[in-house]
Amino acid sequence: MALPQAKQDATEARLSAVNTPDGAVWIAQAREAALARVRAMGLPTARDEYWKFTRPDTLVQAGAPEAALFEEDEAPIFDSVDRLKVVFVDGVFDADASDDLSQEGLTIERLADVAQADIHWAKDLYGALEENGQTPVQRPLAALNTALAEDGVVIHVTGKVSKPLNLIYHHKSTSSDAILHHVIKLDAGAELTVLENGPAAARFNKVMEVDVADGAAFHHVRTQGRDHERRAATHVFARVAEESVFKTFTLTANGVLTRNECVVEILGDNAVAHIAGACVGDGDFHQDDTVFVTHNAVNCESRQVFKKVLRNGARGVFQGKILVKPDAQKTDGYQISQSLLLDDDSEFDAKPELEIYADDVACSHGSTSGAIDEDALYYLRSRGVPKTIATDMLTLSFLAEAVQEIEDEALRYEINTRLEGWLERRRG
Amino acid sequence: MLEIKNLHVDLEEEEKTILKGVDLTVDAGKVHAIMGPNGSGKSTLSYVLSGRDGYEVIQGSATLEGEDILDMEPEKRAAAGLFLAFQYPVEIPGVGNMTFMRTALNAQRKARGEEEMSASDFLKLVREKAATLKMSNDMLKRPVNVGFSGGEKKRNEILQMAVLEPKMCILDETDSGLDVDAMKLVSEGVNALRDAGRSFLVITHYQRLLDHIKPDVVHIMADGKIIKSGGPELAIDVEKNGYSDLLEEVA
């Protein structure tokens, strides 16, 4: 079917501003195929159903809208965690700031290097999970990423890696338009924790493809940077095999526009996939979590837990789907999205969906929007806790279910400290 | 200690008068009990004294050690020494019981111009008080009242009371939902706190709690007023004969 002319024009306008990068045959083919996908789908417009609650225009337009730099007033997150650092500044790899990447059980390469190799295992994954994630819902910004990304990390995990890998994204230019594409492959029984933090750029388009083999475990915790004017469209595509674990958590604080998509396909029996997020928004803030989990195997568990605290006109969006295929018996699916609206100006839009074709499953979903619980507030105050502190305690309490999804206690602590800082800065 | 004079209170939402002239004086070191039929205004009195939203004081006053409390924020009343043990303690997921109690204690101390208690002193204090109430470490670590049984919630109220050391304790139907053993445990906790500088107002439906927490004075409340006051024998009388005789007597 032909695309509407306006959409076609907008897509061509965007593509004319860029060149696909050079590389070996295999990646050149992957990029060409992705470009063809972008042309066939067209880049998103406000009229697309999947973009009903979030305006894509600033994510699609040719240049990145200016984003003022933000002076960090907190100690860098994850500083207390012993980790391996990989640093990007406005989407450009910073070798001096990054650690020596050789570590046991793990091979880390740059996509920029991998792209020059005539033969590489990444051939089977690069753009493959993204392409697979284009049905039944199109994600053109992810295809655009596959076509244009010049760098990122390509990771092969062969064993249990105890030290987390931390991808750090600095934002130093007001007009930077960064595109990064990461590919992570976990062999059977391998384990890795990936941490991500930082605003990355004025505009950031990031794709992470994660292949979790049998019995492997992948944990992901990220914070998206407090720069008020930054924009981000991110995608995580995960393929989850038998008895494996995939868990991701995102904290979004500030940022004028954030769209985080997470697409998980469970292919092996007895696997677990948890996707969670907490966001705190104040003022000119729009944060969108769009999640799609497909159950293709027996006796698997998936959870989607999203909590948003919104004030001063901030807007939160959740679009979440659990699709249970006919053979995915004994599926245990859970989905909750909740917002705490601290005033009448803020807004939360939710579109929770369940689509179930198997008959022996337990799936539940819920979505709520509310204010601070007056009974709880009274209870705390009657014990002598001042109203402002009591409100903060209840706000943290509201977010706790999402933060609790992070397994590692030290990482949970890091996230809670950030949340406490956010609340403290807003105390009158 | 606590002096309530001619207190009239309306519900804010609907035009309904709940308290219709309550007079009550509790002296320091004394235990007063309030009994009365459902809907007589007992719980409302406890809410109004502790500062819950939704009530409007039409007339009268309530002072704690001579200080008017009705215009104070709930947290100020707590710092002034007032404590309400809730009939239905609220569950607060995600807030640790210890964090909650320490925040409350230090906020009160700060409001009174006292020094905050260190984490280690606080831990020692709570452990000691919790042991007498047979509360496990696990209950201290868990989020406030989450997953607690009815009895555990009430014990947690008494623990907070023991830690915060208020001057004026109001117990709102603390016996409701308690089995005999739990009631004994809770009562022992309360009795351990009785001293010359601390007063209690015990609200209850049943005389049995007063077997464990012996009151100095018993008041009968009906239709928003205290209709009769007397010694502990008044509670026994009510247990035997119900409220109807008393109500007729007054009418």
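From a predicted model like this one, the values you see are computed outputs, not experimental measurements.

Let us look at the overall build of chain A. Regarding its fold elements, chain A presents nine helices and 19 strands. The C-alpha atoms of chain A give a radius of gyration of 21 Å, which matches the 22 Å a tight globule of 428 residues would have. Taking the principal axes of the C-alpha coordinates as reference, chain A spans close to 70 × 50 × 50 Å. Put simply, of all contacts in chain A between residues at least 6 apart along the chain, 85% involve residues at least 24 apart.

Our next topic: the packing of helix H6 (residues 150-164) of chain B against helix H7 (residues 180-193) of chain B. The packing of two helices is summarised by the inter-axis angle and the distance between the axes. Residue and element names in this part refer to chain B. The interhelical angle for the contact between H6 and H7, taken along N-to-C directions, is 5°, at an axis separation of 10 Å. The angle between H6 and H7 places the two elements in the roughly parallel class. Contacts between H6 and H7 involve Gly-151, Lys-154, Arg-155, Ile-158, Met-161 and Ala-162 on the former and, on the latter, Ala-182, Leu-185, Val-186, Gly-189, Val-190 and Leu-193. Taken together, the residues that form the contact of H6 with H7 break down as eight nonpolar, two polar and two charged.

With that settled, consider the interface of chain A and chain B. Every contact between the two is made by 17 residues of chain A and, on the other side, 23 residues of chain B. Taken together, the elements giving at least two residues each to the side of chain A that touches chain B come down to helix H7 (374-382) and helix H8 (387-403) of chain A. Of all the elements, H7(A) adds the most residues to the side of chain A that touches chain B, at seven residues. Of the residues belonging to the side of chain A that touches chain B, the class tally is nine nonpolar, three polar and five charged.

Below, the discussion takes up the sheet that holds strand S13 (residues 272-282) of chain A. Strand pairing in a sheet is mediated by backbone hydrogen bonds. Such pairs are either parallel or antiparallel. Residues and elements named next belong to chain A. Taken together, the ten strands give an open sheet; going across it, the order is S2-S1-S5-S7-S9-S11-S13-S15-S17-S19, and neighbouring strands pair in mixed fashion. Because the sheet does not close on itself, it has two edges, and the strands there are strand S2 (92-93) and strand S19 (362-370). Inspection of the sheet shows strand S7 (residues 191-197) paired to strand S9 (residues 217-223) by seven bridges, in the parallel sense. When the sheet's bridge partners are listed, Glu-191 is paired in S9 with Ala-217. Where H8 meets the sheet, its contacts fall on S13, strand S15 (301-311) and strand S17 (332-341), and the angle it forms with S15 comes to roughly 155°. Helix-sheet contacts for helix H9 (residues 409-425) involve S9, strand S11 (245-253) and S13, and the interaxial angle to S11 is about 20°.

Our focus in this paragraph is the packing of H7(A) against H8(A). Residues and elements named next belong to chain A. One can describe the packing of H7 onto H8 by two numbers: an axis separation of 9 Å at closest approach and a directional angle of 130°. Taken together, the axes of H7 and H8 lie oblique to each other. Crossing geometry of H7 relative to H8 is assigned as right-handed. Within the contact between the two elements, H7 uses Ala-376, Leu-377, Leu-380 and Arg-381 and H8 uses Lys-387, Ala-390, Thr-391, Met-393 and Leu-394. When the residues that make up the contact of H7 with H8 are grouped by side-chain class, the tally is six nonpolar, one polar and two charged.

Okay, the sheet that holds strand S5 (residues 67-68) of chain B next. Residue and element names in this part refer to chain B. Spatially, S2-S1-S4-S5 is the arrangement adopted by the four strands of the open sheet, whose pairing is antiparallel. If you trace the sheet from one side to the other, it starts and ends with strand S2 (16-26) and S5, each paired once. Strands strand S1 (2-11), S2 and strand S4 (55-64) of the sheet are contacted by helix H1 (residues 42-50), whose axis makes an angle of about 70° with S4.

Before going further, it helps to spend a moment on the confidence of the model for chain B. Close inspection of predicted coordinates is inappropriate for parts of the model with low pLDDT. In this model, chain B carries an average pLDDT of 92, and 99% of its residues clear a pLDDT of 70 or more. On the interface metric, ipTM, the complex scores 0.95, and its pTM is 0.90.

Another point: unusual backbone geometry. Residue Pro136(A) is bonded to the preceding Thr135(A) through a cis peptide linkage, with omega at 0°. Mapped onto the elements, Pro136(A) comes out in the loop between helix H5 (128-132) and helix H6 (140-148). Although it is not a glycine, Asn299(A) sits at a positive phi angle of roughly 60°. In this fold, Asn299(A) is placed in the loop between strand S14 (286-295) and S15. Of the residues examined, Asn299(A) has 14 C-beta atoms within 10 Å and is grouped as partly exposed. Here Asp223(B), not a glycine, exhibits a phi torsion of approximately 50°, which is positive. Along the chain, Asp223(B) falls in the loop between strand S11 (217-222) and strand S12 (225-230).

Residue and element names in this part refer to chain A. As for its position among the elements, Leu-43 is in the loop between helix H2 (25-41) and helix H3 (57-60). Classification of Leu-43 as buried rests on a count of 25 C-beta atoms within 10 Å. Along the chain, Leu-43 and Ile-275 lie 232 residues apart, while their C-alpha atoms are 26 Å from each other. Each residue touching Leu-43, except ones within four places of it in the same chain, is listed here: Ala-10, Thr-11, Arg-14, Val-38, Val-60, Pro-140 and Leu-144.

This part covers H2(A). Residues and elements named next belong to chain A. Taking 1.5 Å as the rise per residue, H2 with 17 residues should run 24 Å; its terminal C-alpha atoms sit 24 Å apart, in good agreement. Looking at H2, one finds that the buried residues are Ile-27, Ala-30, Arg-31, Ala-34, Arg-37 and Val-38. In an axial view of H2, the angular spread of the buried residues amounts to 115°, which keeps them on one side of the axis. In this structure, H2 carries Val-25, Glu-32 and Ala-36 as exposed residues pointing more than 90 degrees from its buried face. Turning to H2, the residues buried within the fold contact helix H1 (5-16), H5 and H6. Gly-42 sits one or two positions beyond H2 and adopts a positive phi of about 75°.

All names here are of chain A. Taken across its ten residues, strand S12 (residues 257-266) has ten buried, putting it largely inside the fold. Taking every second residue as pointing to the same face, both faces of S12 are buried, with Leu-257, Arg-259, Glu-261, Val-263 and Glu-265 on one and Thr-258, Asn-260, Cys-262, Val-264 and Ile-266 on the other. As judged from the ten bridges shared by strand S10 (residues 231-240) and S12, these two strands associate in the parallel manner. Residue pairing for S12: Ala-238 is matched across the bridge by Val-264. When S12 meets S14, the two strands line up parallel, connected through nine bridges.

Rules and cut-offs
Residues numbered from 1 in each chain as written. Chains lettered and ligands numbered in written order. Predicted model: local features only at pLDDT ≥ 70, side-chain atom pairs only at ≥ 80, totals over all residues. Helix = DSSP H or I, 4+ residues; strand = E, 2+ residues; numbered from the N terminus. Rg over C-alpha atoms; globule rule 2.2 N^0.38 Å. Contact = placed C-beta atoms within 7 Å. Axes fitted to C-alpha atoms, helices over the stretch in contact; angles between N-to-C directions. Parallel < 35°, antiparallel > 145°, perpendicular 65-115°, else oblique. Nonpolar A, V, L, I, M, F, W, Y, C, P; charged D, E, K, R; others polar. Pairing = 2+ DSSP bridges. Left-handed = near helix turned anticlockwise from the far one by under 90°. pLDDT = per-residue confidence, 0-100. Buried ≥ 20, exposed ≤ 12 C-beta atoms within 10 Å, placed from the backbone. Expected span 1.5 Å × (residues − 1). Arc of directions from axis to C-beta.

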